[in-house]
Amino acid sequence: MAITHTMKSKLPSAQAAEFYDFMVAPPPEVYAEHHEFHVVKHGKKTPVGDLIYYDQHISPKHRLKFHAITRVANKPNRIVFQMRKLGVNLPGYLELNFTDTAEGLLLTETIRIGFNGFGKILDPFIRVVFNKSFFKEMNAHHKREWANLAEILQEEHHA
């Protein structure tokens, strides 16, 4: 059975369009939560098809270092990235949903990892890495990362 982990944040000072724009076209300077996060290669239907590289620590023990392909980009509300390693598309997806509300931005981040069909036999091995400890740290990282980005975007907007 595939792994699905969903995290939500309410960000009072944020807006969907700003978060969307940042995620599909990250600026060259990387904010504190990432070592690197940038577009490596634009796709034919940019931002869909763009190859993104990111490298970040979500905790002292957990580091994510991948390429990802933008699979869905519905401005300003939804982006889906598919993980890629060593030139191979992996059965791992990061879905971001941005919803503007009267109280600010509602951000939903969903991680889906696992195979369909015969490949499901490999899912227990995936769970060794993406385990309870990983997702506990991911929850804390989610709150920290998106709050930091909201602050940065607000500062840029008022600069």
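Whatever comes next refers back to the structure up there.
Thresholds applied
- Here the residue numbers are simple positions, counted from 1 along each chain's written sequence.
- Totals for whole chains, interfaces and linings use every residue, but because this is a predicted model, local features are given only for residues with pLDDT of at least 70 and side-chain atom pairs only at 80 or more, for both listing and counting.
- As a convention, hydrogens and water are excluded, and side-chain values are obtained from all of the structure's heavy atoms.
- Should DSSP find at least two bridges between two strands, the strands are taken to pair.
- Think of it this way: any DSSP run of H or I at least four residues long counts as a helix, any run of E at least two long counts as a strand, and we number them from the N terminus.
- Only protein chains enter the accessibility calculation, which uses a 1.4 Å probe. A residue is then buried if its area is under 20% of the maximum for its type, exposed if over 50%, and partly exposed in between.
- Neither His nor the chain ends is counted toward charge; the positive residues are Lys and Arg and the negative residues Asp and Glu.
- Should a side-chain nitrogen of Lys or Arg be within 4 Å of a carboxyl oxygen of Asp or Glu, the pair is scored as a salt bridge.
- Contacts are assigned to residue pairs that have any heavy atoms within 4.5 Å of one another.
- Polar contact is defined as a pair of N or O atoms within 3.5 Å, subject to the rule that within protein one atom must be able to donate a hydrogen and the other to accept it, and that residues adjacent in sequence are counted only when both atoms are side-chain atoms.

1. Observations regarding the pairing of strand 5 (residues 78–85)
Next, step 1: Here strand 4 (residues 63–74) pairs with strand 5 via seven bridges, running antiparallel. Its bridge partner being in strand 5, Asn74 is matched across the sheet by Arg78.
Next, step 2: Between the antiparallel neighbours strand 4 and strand 5 lie three residues.
Next, step 3: Note: strand 5 against strand 6 (residues 88–101), seven bridges, orientation antiparallel. Pairing of Gln82 across the sheet is with Tyr93, part of strand 6.
Next, step 4: Two successive antiparallel strands, strand 5 and strand 6, enclose a turn made up of two residues, where Leu86 displays a positive phi of approximately 55°.

2. Quick notes on unusual backbone geometry
Next, step 1: Pro47 follows Thr46 through a cis peptide bond whose omega is 5°.
Next, step 2: Relative to the assigned elements, Pro47 resides in the loop between strand 2 (36–41) and strand 3 (51–57).

3. Details of the side chain of Asp50
Next, step 1: With respect to the helices and strands, the residue Asp50 is situated in the loop between strand 2 and strand 3.
Next, step 2: The side chain of Asp50 sits in the buried core without any salt bridge; Lys41 is the nearest counter-charge, 9.8 Å away.

4. Observations concerning the environment of Gln82
Next, step 1: Along the polypeptide, Gln82 turns up in strand 5.
Next, step 2: Not counting the four nearest positions on each side in its chain, Gln82 is found in contact with His67, Ala68, Ile69, Arg71, Asn89, Leu90, Gly92 and Tyr93.
Next, step 3: In this structure the side chain of Gln82 is engaged in a polar contact, spanning 3.0 Å, whose partner is the backbone oxygen of Leu90.

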